[in-house]
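# A closer look at the structure
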Amino acid sequence: MNNALEVSHLSKDYGAFKLDDVSFTVPGGTIMGLIGENGAGKSTTIKCILNLIRRDGGEITVFGRDNRKEERAVKGDIGVVLDEVLFHDVLRPRQVGKILAGLYPNWDMALFDRYLEKFDLTGKKTVKEFSRGMKMKLAIGAAFAAKPRLLILDEATSGLDPVVRDEILDEFLEFIQDEDHAILISSHITSDLEKAADYITYLHNGRVAVSGAKDELLDTYGKLVCGRSELEQVDRALLAGSRVGQFGCEALVKDRRAFARRYPALTVDPATLEDIMVFTGKGDAQ
Amino acid sequence: MKGLLYKDIVVLKKQISTLLIFVVVYGGFCVAGVFDFSIIGALIAVFGLTIPMSSVALDDTSHWDRYAAATPAGRKGIVAGKYLFTLLVILISGLAGTVIMVGLSLAGLSDTPPVELVGISLSCATVTLLLDAILLPFLLKYGAEKARVVSMITFVIIFGGAILLGGMMNNGVNMPQLPSWLAAALPVVFALVSVGGFALSFAVSLGIYARKEF
């Protein structure tokens, strides 16, 4: 399996915020979910991949090609959906298609028309009259019609209702049926990524906090719910973070099988991506 | 590039239509004898300056450049597209202005000879090219809102300077005389300066965009 995207030791210093030594790989035929709290560095990472900002260090290759040295060819292989839809208000969907047909070498107008029909965007409405969901569907249809091999989506599903999100996730899953295709998607909505992603990279304060195969992460991490006295007896090295409340305690266990062997009396439930994100991000909280 | 040109034309369709109404209205005034036909030449400058500026303003509003930079067009494509669009606007408005003025002159509606009217069109197009060469790097660096101040200052310096110079000459102020060969070559020199300035401006804008972060 070839890698669609390789990011290694990426860094970008803004002074107040630093993206520090970020590395991850997106193999072909897979979806990588990029998660993290606001300001964790997700958009900065995506901007570096798209060469929208200058990186201070590191390497980025897309299908083995350097994203700066072979920028034009690399961008011809990437379909993009950014966090907001940036088409002019006065444009109609078909006009957006005609504009992008002049920009993308592999643009497929018939495919774009099919998506417009599928997403019910064939009317005379302009972008200004679209809801956020419709705008996102337009951007996603445009990204697919560029016939990319790598799809990059920055918070593309946020603000969409669950029905539309589900519809779009199905499109993503269909897209990666081709082993030569891959998706990098950043999202706050971890339930979407639990459904669709094969790999997860969690960015925290500009660094990779957790990265790996989603199923492996969900299988390894666990959530401990216990009393304060029980938590005090647990070896802290086994925990990634904990929360002490008035009526009980919760903690993220790094390896739930190893934990169960050592503390058989304590119950550890499977953790969700949100648990991993919240506990790792907050550490120990009272 | 083709896509970027098409985008500029489509998003500015409304404004271009409004400007065309201006041409019809001013043309009517000229036929009625209110204005001289040379005012059509001034409209070339109005088109050549306001349309590219509006195009940048609309791109700023929708943050289009962030998206365009992520496409294969990239930063170079965005700059090249804007300069090509500006050239096209000047060329088309210059041609249209010339055709209208010469047509009306040949129809006997103007006393100004056609050759002089062609000269007026060419001069206006050349001045517009030079002004755009000055304005475009500011537009692309600071955006349409902030660059408006620069455009106002440029207009005041150039047109104010021309009026001042004309006034001084009319009032008999002794101006240094240009050598006759230079005076004869002045239109060609000015055209070369404008074209060279536009090319230099393009290179400067490419440099600005290469450093820009989206």
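Nothing here was measured: the structure is a model prediction, and the numbers come from that model.

We now examine the overall build of chain A. When you go through chain A residue by residue, the secondary structure sums to 11 helices and 15 strands. Relative to the 2.2 N^0.38 estimate, which gives 19 Å for 286 residues, the radius of gyration of chain A is 21 Å and therefore close to what a compact globule would have. A buried classification covers 43% of the 286 residues belonging to chain A. Long-range contacts, defined here as pairs at least 24 residues apart, represent 69% of the contacts in chain A between residues at least 6 apart.

Another aspect to go through is the overall build of chain B. Across its full length, chain B holds 7 helices and 0 strands. Listing each helix as α and each strand as β along chain B from the N terminus yields α-α-α-α-α-α-α. A globule of 214 residues ought to have a C-alpha radius of gyration of about 17 Å, and chain B, at 19 Å, matches this closely. Principal axes of the C-alpha set define a box for chain B whose edges measure 55 × 40 × 25 Å. Taken over 214 residues, chain B has a buried fraction of 35%. In chain B, the share of contacts with a sequence separation of at least 24, taken over all contacts with a separation of at least 6, comes to 76%.

This part takes up the interface of chain A and chain B. With 26 residues of chain A in contact, the opposing surface of chain B contributes 21 residues. Contributing elements (two or more residues each) for the side of chain A that touches chain B: helix 2 (71-76) and helix 3 (93-101) of chain A. No other element matches the 5 residues that helix 3 of chain A contributes to the side of chain A that touches chain B. For the side of chain A that touches chain B, the per-class residue count stands at 15 nonpolar, 4 polar and 7 charged.

With that settled, the discussion passes to the pairing of strand 13 (residues 249-253) of chain A. Looking along a regular strand, one sees the side chains alternate between the two faces of the sheet. All names here are of chain A. Where strand 11 (residues 222-226) and strand 13 come together, 5 bridges link them in antiparallel fashion. Counted as the bridge partner of C226 is C249 from strand 13. In the sheet, strand 12 (residues 239-244) pairs with strand 13 via 5 bridges, with the strands oriented antiparallel. Note on strand 13: the bridge partner recorded for V244 is C249. Counted along the chain from strand 12 to the antiparallel partner strand 13, the turn is 4 residues long.

Attention shifts here to the sheet that holds strand 4 (residues 57-62) of chain A. Residues and elements named next belong to chain A. Here we have 4 strands laid out as an open sheet, ordered 2-1-4-5, and antiparallel in their pairing. Across the chains shown, the open sheet's two edge strands, defined by having one partner strand only, are strand 2 (18-27) and strand 5 (65-66). Across 5 bridges, the pairing between strand 1 (residues 3-13) and strand 4 is antiparallel. Paired with E6 across the strands is T61, a residue of strand 4.

Residues and elements named next belong to chain A. The 6 strands are arranged 6-7-8-3-9-10 in an open sheet whose pairing can be described as mixed. Edge positions in the open sheet fall to strand 6 (78-81) and strand 10 (207-213), since each of these has one partner strand only. On average, each strand axis in the sheet is inclined to that of its neighbour by 15°, with strand direction left out of account. Its contacts with the sheet put helix 1 (residues 42-49) on strand 3 (31-35), strand 7 (150-154), strand 8 (182-186) and strand 9 (199-204), and the angle it makes with strand 7 is roughly 145°.

Below, the discussion takes up the packing of helix 3 (residues 39-62) of chain B against helix 5 (residues 74-106) of chain B. Residues and elements named next belong to chain B. The interhelical angle for the contact between helix 3 and helix 5, taken along N-to-C directions, is 155°, at an axis separation of 9 Å. Relative to helix 5, the element helix 3 is oriented roughly antiparallel. Two packed elements cross with a definite hand, and for helix 3 against helix 5 that hand is right-handed. Every residue of helix 5 that contacts helix 3 at I40, G41, L43, I44, F47, G48, I51, P52, S55 and V56 is listed here: K82, F85, T86, V89, I90, S93, G94, G97, I100 and M101. When grouped by side-chain class, the residues that make up the contact of helix 3 with helix 5 number 12 nonpolar, 7 polar and 1 charged.

All names here are of chain B. Where helix 6 (residues 114-170) meets helix 7 (residues 180-211), the closest approach of the two axes is 8 Å, and the angle between their N-to-C directions is 10°. Classified by the angle their axes make, helix 6 and helix 7 are roughly parallel. Along its contact with helix 6, which presents T126, L129, L130, D132, A133, L136, P137, L140 and K141, the element helix 7 presents F190, A191, V193, S194, V195, G197, F198, S201, V204, S205, I208 and Y209. Classifying every residue of the contact of helix 6 with helix 7 by side-chain character gives 14 nonpolar, 5 polar and 2 charged.

Residue and element names in this part refer to chain A. One non-glycine residue with positive phi stands out, namely K147, at about 50°. Tracing the backbone shows K147 in the loop between helix 5 (132-145) and strand 7. Taking the number of C-beta atoms within 10 Å as the measure of exposure, K147 has 15 and is therefore partly exposed. The phi torsion at E155 lies on the positive side, around 55°, for a residue other than glycine. Relative to the elements of secondary structure, E155 occurs in the loop between strand 7 and helix 6 (162-175).

On to the confidence of the model for chain B, then. Averaged over all residues, the pLDDT of chain B equals 89, while 100% of them reach at least 70. With a pTM of 0.87, the predicted complex shows an ipTM of 0.88.

Residues and elements named next belong to chain A. Inspection of the secondary structure puts D13 in strand 1. Measuring from C-alpha to C-alpha, the distance between D13 and Q246 comes to 40 Å, with 233 residues separating the pair along the chain. Sequence-distant contacts of D13, defined by excluding residues within four places in its chain, comprise K18 and D56.

Further remarks concern helix 1 (residues 2-11) of chain B. Among all positions in helix 1 of chain B, only G3(B), L4(B), K7(B), D8(B) and V11(B) are buried. Take helix 1 of chain B and look down its axis: the buried residues cluster within an arc of 140°, on one side only. The inward-facing, buried residues of helix 1 of chain B contact helix 3 of chain A together with helix 3, helix 4 (64-70) and helix 5 of chain B.

Moving on: the pairing of strand 10 of chain A. Residue and element names in this part refer to chain A. Pairing between strand 9 and strand 10: 6 bridges, direction antiparallel. Counted as the bridge partner of Y199 is A213 from strand 10. Remark: 2 residues form the turn of the hairpin made by strand 9 and strand 10, two consecutive strands paired antiparallel; N205 in that turn has positive phi of roughly 50°.

This part takes up the nonpolar core. In terms of nonpolar packing, the biggest core is built from 130 residues, with L5(A), A142(A), A143(A), I152(A) and I276(A) touching the most fellow members. When residues in this core are grouped by element, the largest group, 16 residues, is from helix 6 of chain B.

Cut-off values and rules
Residues numbered from 1 in each chain as written. Chains lettered and ligands numbered in written order. Predicted model: local features only at pLDDT ≥ 70, side-chain atom pairs only at ≥ 80, totals over all residues. Helix = DSSP H or I, 4+ residues; strand = E, 2+ residues; numbered from the N terminus. Rg over C-alpha atoms; globule rule 2.2 N^0.38 Å. Buried ≥ 20, exposed ≤ 12 C-beta atoms within 10 Å, placed from the backbone. Contact = placed C-beta atoms within 7 Å. Nonpolar A, V, L, I, M, F, W, Y, C, P; charged D, E, K, R; others polar. Pairing = 2+ DSSP bridges. Axes fitted to C-alpha atoms, helices over the stretch in contact; angles between N-to-C directions. Parallel < 35°, antiparallel > 145°, perpendicular 65-115°, else oblique. Left-handed = near helix turned anticlockwise from the far one by under 90°. pLDDT = per-residue confidence, 0-100. Arc of directions from axis to C-beta. Core = buried A, V, L, I, M, F, W, Y, C linked by C-beta atoms within 7 Å.

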